[in-house]
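These are the residues of each chain, in order.
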Amino acid sequence: MEATPPPPVVEKDPREVADGVYVIPDGRVPLVPNVGIVVGDRAALVIDTGMGPRNGATVRSHADRLAAGRQMFLTLTHFHPEHGYGAQAFAGDAVTVYNRAQLDELRAKGAGYVELFKTFGAPVAAELEGVELVEPEIVYDGTAELELGGSRALLRDWGRAHTLGDQTVFLPEQRVLFTGDLVEERCFAIFPWFPPDDVDVDGHRWIEVLEELERLDPAIVVPGHGDVGGPELIATAREYLELLRDETARLADEGATEDDLAAELDRSLRALHPDWAQPEWIAFGARCFYTAYTRELAARS
Ligand SMILES: [Zn+2]
């Protein structure tokens, strides 16, 4: 039996991972993201807020201290509750910037995800008490650049992958990449594959996006969840998705049903990565790849 997870609360202090670049580590607590705070000469950028108004206020207080009166920007890696549903703590003071696909997805699914997450237990529901979904001041398509003073932040919308509107933040001066949930560290890829309500995650496009992220050649990678590392984090995440894709196809070719192969891959991939968190997502990923594979076979015949 798995132990009860700790409550989803941002508790760690920010650590400086590069010049002017801070990360509030997730402490490997489920439903707590890694949060970024980038401090330039003139402005600061906060990347993700944690879930709910209390976590948002905690992040805000760290950001206020580090930004020390500089103009503040806020952006979110994607619309999932644990990443951005503390944004109300910044409302009116920080300039919020989202990619358009993320905003569209927030409008379409945000309220539903609040209700879904409230079913994850009392500690999660408590953090979502009083949550308000925040719309941005600035919306962009494709890419956006924030000039922070001696430090730039390149925001990029990758379209459909882990969600419909995953966004990364790359700091070219420090070569730091914030990936959101496109990359996790010692944590299985999160596949929000919830048919019929949400089937927008796309494993194939996700792999392509990771190939592009590798080409950015970052020195430091801040994953959505797990420890900060180097570019090998992206390669490991891509290799896992490729293995999940290929093993799903192999088992399907051998005649396994969706339920059979989900169970088999749950067993074999837990065994392959015994120290990785959140193995419950393996089967969701297998089902997602299976559906794509059967559609591809049907289209061919
Ligand atoms: Zn996510």
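Structure first, text after, so check above.
Residues numbered from 1 in each chain as written. Predicted model: local features only at pLDDT ≥ 70, side-chain atom pairs only at ≥ 80, totals over all residues. Heavy atoms only, no water.

Points about the overall build of the chain
- Each helix and strand counted, the chain has eight helices and 12 strands in total.
- Relative to a compact globule of 301 residues, whose C-alpha radius of gyration would be 19 Å, the chain shows 19 Å and is just as compact.
- Along the longest, intermediate and shortest principal axes, the C-alpha atoms of the chain span 60 × 40 × 35 Å.
- The proportion of buried residues among the 301 residues of the chain is 56%.
- At a minimum sequence separation of 6, the contacts of the chain that also span at least 24 residues come to 66%.
- If you sum the accessible surface of the chain, you get close to 12,700 Å²; carbon and sulfur atoms cover 51% of it. (Helix = DSSP H or I, 4+ residues; strand = E, 2+ residues; numbered from the N terminus. Rg over C-alpha atoms; globule rule 2.2 N^0.38 Å. Buried < 20%, exposed > 50% of the residue type's maximum accessible area, 1.4 Å probe, protein only. Contact = heavy atoms within 4.5 Å. Areas by Shrake-Rupley, 256 points an atom, 1.4 Å probe, with all protein chains shown as cover.)

Notes on the sheet that holds strand β8 (residues 143-147)
- In space, the five strands of this open sheet follow the order β8-β9-β10-β11-β12, with mixed pairing throughout. Strand pairing shows two members of the sheet lacking a second neighbour, β8 and β12 (220-223), which therefore form its edges. On average, each strand axis in the sheet is inclined to that of its neighbour by 20°, with strand direction left out of account.
- As paired strands, strand β10 (residues 167-171) and strand β11 (residues 176-180) are joined by three bridges and run antiparallel to one another. Its bridge partner lying in β11, Leu171 is registered against Val176. (Pairing = 2+ DSSP bridges. Axes fitted to C-alpha atoms, helices over the stretch in contact; angles between N-to-C directions.)

Quick notes on the coordination of the zinc ion
- Bound to the zinc ion are the protein donor atoms His78 (NE2), His80 (ND1), His162 (NE2) and Asp181 (OD), situated 2.1 to 2.2 Å from the metal.
- Taken together, the four donor atoms coordinating the zinc ion span angles of 91 to 164° at the metal, a pattern that classifies the geometry as irregular.
- On the primary sequence, the residues serving as donors to the zinc ion are separated as H-x1-H-x81-H-x18-D. Note that His80 is positioned in the loop between β5 (71-75) and α2 (81-84) and Asp181 in the loop between β11 and α5 (203-215), a separation of 101 residues in sequence. (Donors = N, O, S within 2.8 Å, 3.2 Å for Na, K, Ca; no water. Tetrahedral: all angles 85-135°; square planar, octahedral: opposite > 155°, others 65-115°.)

Regarding the sheet that holds strand β2 (residues 21-24)
- Pairing in this open sheet of seven strands is mixed, and the strands run β1-β2-β3-β4-β5-β6-β7 from one edge to the other. Either end of the sheet is taken by a strand with one partner, and the two such strands are β1 (15-18) and β7 (138-140). Each strand of the sheet is rotated relative to its neighbour by a mean of 25°, with strand direction disregarded.
- With three bridges connecting them, strand β6 (residues 95-99) and β7 associate as parallel partners. Its bridge partner being in β7, Asn99 is matched across the sheet by Tyr140.
- On the sheet, helix α1 (residues 52-67) packs against β2, β3 (35-39), β4 (43-47) and β5 and is oriented at approximately 20° with respect to β3.
- The strands touched by helix α3 (residues 100-118) are β6 and β7; relative to β6, the strand with the most contacts, the crossing angle is about 90°.

A word on the pairing of β6
- Where burial is concerned, most of β6 is hidden: four out of the five residues are buried.
- Direction of pairing for β5 relative to β6: parallel, over a ladder of three bridges. Within β6, the position partnered with Thr75 by the bridge is Val97.

Side note on the pairing of β3
- Here β3 lies mainly inside the structure; five of its five residues are buried.
- On β3, burial covers both faces: Val35, Ile37 and Val39 on one face and Gly36 and Val38 on the other are all buried.
- Here β3 runs beside β4; their pairing, made up of four bridges, is antiparallel. Within the sheet, the bridge partner assigned to Ile37 lies in β4 and is Val46.
- Connecting the antiparallel pair β3 and β4 is a turn made up of three residues.

Side note on the nonpolar core
- In terms of nonpolar packing, the biggest core is built from 37 residues, with Phe191, Trp206, Leu210, Tyr240 and Leu244 touching the most fellow members.
- For this core, the secondary-structure elements that each account for two or more residues are α5, α6 (232-253), α7 (258-272) and α8 (281-300).
- If one sorts the elements of this core by residue count, α6 sits on top with nine residues.
- Once you skip the residues sitting within four places of it in the chain, Phe191 turns out to touch Val201, Gly203, Trp206, Leu241, Leu244, Trp281, Phe284, Gly285, Cys288 and Phe289.
- With 34 residues, the next largest nonpolar core counts Leu66, Phe90, Ala94 and Val134 among its residues. (Core = buried A, V, L, I, M, F, W, Y, C linked by side-chain atoms within 4.5 Å.)

A few points about the packing of α6 against α8
- Here α6 crosses α8 at 60°, and the two axes come no closer than 9 Å. Here α8 runs oblique to α6, going by the angle between their axes. Viewed along their axes, α6 and α8 form a crossing whose handedness is right-handed. Residue-level inspection shows Tyr240, Leu241, Leu244, Arg245, Thr248, Ala249, Ala252 and Asp253 of α6 in contact with α8, the latter providing Ile282, Gly285, Ala286, Phe289, Tyr290 and Tyr293. (Parallel < 35°, antiparallel > 145°, perpendicular 65-115°, else oblique. Left-handed = near helix turned anticlockwise from the far one by under 90°.)

Points about the packing of aromatic side chains
- Scanning the model with the defined rule gives 11 aromatic pairs in all.
- On the basis of an interplanar angle of 85° and a centroid distance of 5.8 Å, the ring pair of Phe194 and Phe284 is categorised as edge-to-face. On the criterion of sequence distance, the pair formed by Phe194 in the loop between β11 and α5 and Phe284 in helix α8 is long-range, its members being 90 residues apart.
- On the accessibility criterion, Phe284 (28% relative accessible area) is partly exposed.
- Judged by centre distance (5.0 Å) and plane angle (50°), the rings of Trp281 and Phe284 are tilted. Here the residue Trp281 and the residue Phe284 both occupy positions in helix α8, the gap between them amounting to three residues, near one helical turn.
- A relative accessible area of 14% places Trp281 in the buried class. (Phe/Tyr/Trp six-rings, centres within 6.5 Å; stacked < 30°, edge-to-face > 60°.)

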